[in-house]
Amino acid sequence: MKSKLIATALTLTLGFGGLAAALPETTVAANLDEKLNDVKKKQSENEQELKEKESELADVHEEQEDVHADIERLENEIAETDDQISAKENEINKTNEEIDQLKEEIAVLEERIAERDKLLKDRVRSMQQNGGGTVDYMEVLLGSKDFGDLVERVLALNTIADQDKKILEEHKADKLSVEEKKAEVEDKLASLQDQKAELEQLKKDLDAKKAEKDKLMESLEEEEGELHNHMMDLNESSELLQAQEKAVQQEIKRAEEEARKAEEARKAAAAKAAKEKAAKEKAAAEAAAAAKKAEKSSSSSESSSNSSPAPEPEPAPAPAPAPTGSAIFNKPSAGPITSGYGSRWGSMHEGIDIAKSGEVPISAAAAGTVLKSYFSSSYGNVVFITHSINGQMYTTVYAHMKNRAVSTGQSVSAGTYLGSMGNTGKSTGQHLHFEIHKGGWNTSKSNAVNPMNYLR
């Protein structure tokens, strides 16, 4: 890995602009030593970043496990509470049935008591009309015809007394039963009220647990937002960094080829200008020679003063200056920008989101080399492109695409179709997540810049 980074640094040093060839040997050696030191320093920083990222990923995974465990616990508690509520509702229904039954029994008892009350009142009224209970008994005894009749009358009186006593006892027992049943009903009602209060408290507890679950779900959504910032695992990051070396080398070759073609065009233009200059100079010389010959043959002494001076050669055209503005990338897709570059959900959003419904094509923002085209657990279908623009290396990222139409290592032009807008990976709705890195991509995304400052 170190040798690859050093080789890349050498290639970058020798490739961009061809500066090394134009410098003295001592200067080149000094620059190489400086670049090697920079590479070693950067390598050490990358290793430290990887360790920090590994620790951060471990913390995130542990937090996610805790959150999932809390959610599972809450769901179990909610299920238990639902069972308890169902049981309480069944008990309440049974209690209501018992209360209805008790009300029916009380109604029967009250009806029986009312009948006895009427009978007793009639008996007392009859006794009072006959002059009182004692007189009636004496009349019965004295009015007996014989001893047998007396016995029959005494037995009849005893029977009546026993019946009256029984009626009174039953009347007393029924009244006591009514009081007991009423007390029982009141106890049942009180119990029912307690059960209702307990049920209401259980519902409150359930609501509180649901609120806690909602809070945890909100925390998960924030966690999803952090994941939406495309935290990769170490293997994926390592593969991406390795692929970046090849893409940089290929982009250097492309830049060198473009520089070679530009140099050839410049030389061709210079040769053409030199040829045109030589032709003009030859024409001027021929005109001067003709004028000189005409001067000798002319008899006028002032003819020499009328000869036209040779035209001065025109300067060769200067090459067109390279654009220096920061608006060097095209907008990669149609649609409004729904989320900008900067802080979001308590973390950094290192790009912009462009959203639009339907089939939305995505194109390369500038010419370059496809650093990586693959499916990422965080980015979904994603394409990384390395660009060399005016001697500066950039990396663009196109994430959450529905599909990918380019492959790793492929050279693309500005406007090349990369795929369609989608909703893959850690994404919440169809959109394109677009990043620009001034330099190479790294795990900490320290080179990320605001794309809005670079889009045309």
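The paragraphs below set out a description of the structure included in this document. (Residues numbered from 1 in each chain as written. Predicted model: local features only at pLDDT ≥ 70, side-chain atom pairs only at ≥ 80, totals over all residues. Heavy atoms only, no water.)

## Here's the deal with the overall build of the protein
Regarding its fold elements, the protein presents six helices and twelve strands. In the protein, which comprises 456 residues, the proportion classed as buried is 33%. Intrachain contacts of the protein at a sequence separation of at least 6 include 69% that bridge at least 24 residues. Total accessible area on the protein stands at roughly 27600 Å², and carbon and sulfur atoms take up 52% of it. (Helix = DSSP H or I, 4+ residues; strand = E, 2+ residues; numbered from the N terminus. Buried < 20%, exposed > 50% of the residue type's maximum accessible area, 1.4 Å probe, protein only. Contact = heavy atoms within 4.5 Å. Areas by Shrake-Rupley, 256 points an atom, 1.4 Å probe, with all protein chains shown as cover.)

## Side note on the side chain of Asp353
By secondary structure assignment, the location of Asp353 is in strand S4 (residues 352-354). On the basis of relative accessibility, which here comes to 4%, the residue Asp353 falls in the buried class. Among the polar contacts listed, one links the side chain of Asp353 to the side chain of His433, at a separation of 3.0 Å. (Polar contact = N/O pair within 3.5 Å; in protein donor to acceptor, adjacent residues only side chain to side chain.)

## Describing the nonpolar core
Among the nonpolar cores identified, the biggest contains 26 residues, and Phe329, Ile385, Tyr398, Leu418 and Phe434 are the most heavily contacted of them. Of all the secondary-structure elements, those providing two or more residues to this core are S4, strand S7 (380-389), strand S8 (392-401) and strand S11 (432-438). Core analysis: the next-biggest nonpolar cluster, separate from the first, contains twelve residues, Leu240, Ala243, Ala247 and Trp441 among them. (Core = buried A, V, L, I, M, F, W, Y, C linked by side-chain atoms within 4.5 Å.)

## Looking at the environment of Ser407
Tracing the chain through its elements places Ser407 in the loop between S8 and strand S9 (411-412). Excluding residues that lie within four positions of it along the chain, Ser407 makes contacts with Val370 and Ser373.

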